[in-house]
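# Architecture and fold: a report
Here is what each chain is made of, one letter per residue.
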Amino acid sequence: MSVTANEAHEFAKPLIDTALKEDDKFYAVDSKWYSVFERFAYLKSDRNESREQEEEREQAKYPPKMNNSDLKRSATMPYALDKKLVENKDFVWIHSSLYKYVEQHFGIEEGSLSFERQVINKGTEIYEELLIEMHPIFITYVLCGDDGTPDTTSQRTTSISCHSNLKKLGRQIIDTHAMDIGDGERDVRIWKRKPASETQTELNDVPLEGWKP
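Read on for an overview of the structure. (Residues numbered from 1 in each chain as written. Predicted model: local features only at pLDDT ≥ 70, side-chain atom pairs only at ≥ 80, totals over all residues. Heavy atoms only, no water.)

### Focus: the layout of surface pockets
Put simply, the second largest pocket is a space of about 790 Å³. Forming the walls of the second largest pocket are 29 residues, and the residues nearest its centre are Q118, S159, I160, S161 and Q172. Every element with two or more residues in the lining of the second largest pocket is listed here: strand 3 (77-81), strand 5 (116-121), strand 8 (150-160) and helix 5 (166-176). With 6 residues, strand 5 is the single largest residue contributor to the lining of the second largest pocket. For the lining of the second largest pocket, the residue count by class is 9 nonpolar, 10 polar and 10 charged. (1 Å grid on protein atoms, 1.4 Å probe; cavity = no way out; pocket = protein on both sides within 12 Å on 5 of 7 lines; lining within 4 Å. Points joined across faces, edges and corners; volume = space filled by probe spheres on them. Helix = DSSP H or I, 4+ residues; strand = E, 2+ residues; numbered from the N terminus. Nonpolar A, V, L, I, M, F, W, Y, C, P; charged D, E, K, R; others polar.)

### Quick notes on the pairing of strand 3
Relative to strand 3, strand 2 (residues 72-74) runs antiparallel, the two being bridged by 2 bridges. Paired with K72 across the bridge in strand 3 is L81. Hairpin connection from strand 2 to strand 3: 2 residues lie between these consecutive antiparallel strands. (Pairing = 2+ DSSP bridges.)

### Considerations on the packing of aromatic side chains
Considering all chains together, one arrives at 11 aromatic pairs under this definition. Aromatic pair W33 and F106: ring centres 6.4 Å apart, planes at 75°, arrangement edge-to-face. Of this pair, W33 sits in helix 2 (residues 31-40) while F106 sits in the loop between helix 4 (96-105) and strand 5, and the two are 73 residues apart along the sequence. A ring pair is formed by F40 and Y62, whose centres lie 5.0 Å apart and whose planes are at 75°; its orientation type is edge-to-face. (Phe/Tyr/Trp six-rings, centres within 6.5 Å; stacked < 30°, edge-to-face > 60°.)

### Observations regarding the packing of helix 1 (residues 5-16) against helix 4
In the contact formed by helix 1 and helix 4, the axes pass within 9 Å of each other and the chain directions differ by 155°. The angle between helix 1 and helix 4 places the two elements in the roughly antiparallel class. Of the two possible hands of crossing, helix 1 and helix 4 adopt the one that is left-handed. Between helix 1 and helix 4, the residues in contact are E7, A8, F11, A12, L15 and I16 and S97, L98 and Y101, respectively. (Axes fitted to C-alpha atoms, helices over the stretch in contact; angles between N-to-C directions. Parallel < 35°, antiparallel > 145°, perpendicular 65-115°, else oblique. Left-handed = near helix turned anticlockwise from the far one by under 90°. Contact = heavy atoms within 4.5 Å.)

### A word on the sheet that holds strand 1 (residues 25-30)
Sheet architecture is open: 4 strands sit in the order 4-1-5-6, paired in antiparallel fashion. The strands lining the two open edges of the sheet, one partner per strand, are strand 4 (91-95) and strand 6 (130-132). Strand-to-strand, the axes of this sheet are offset by a mean angle of 35°, without reference to chain direction. One ladder, built from 3 bridges, connects strand 5 with strand 6; its direction is antiparallel.

Laid out in structure tokens, this is it:
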């Protein structure tokens, strides 16, 4: 559903300078696409704009569907952002509310990647240090049956903060699958691959000792 420039402006403008709040979600968006959206929604304009600026705004083209795939690190790490990216040059952060608005009204190209990131607090109880964690850790996991056999069709990838821990990871996975798991036994196992230099190819089971989810 298309929108007018005024409608886009009214929705987006208050979200541009959204203050960071712990656990809020932001998305990395390609700067080339964002610059087109920014002109269309005249997000940099003010009440004292000149006639030329007003005419330029009126002639701004409608943004195409968004595609952020150029921001990925590599084909083998599609969820990770390229570490060479420079904020406000190669990409910008937009609040999750604005991203959903863009998705609804302008669309996302088929096959495009999405880079959702969370606001974390690296500070203390006294002093907050909020930031959008650009490079979290990505974990791939599967669900298993009662006999421990993995269901490969259930494979998913989730992210967890570099400043988090295994307990939080386990809790996160269980909460995600609460309805699938039900009230039965809730067991999370973390597996660690042996170094390539070792001859054995089995996986080591690393239990979360002393933790009851």
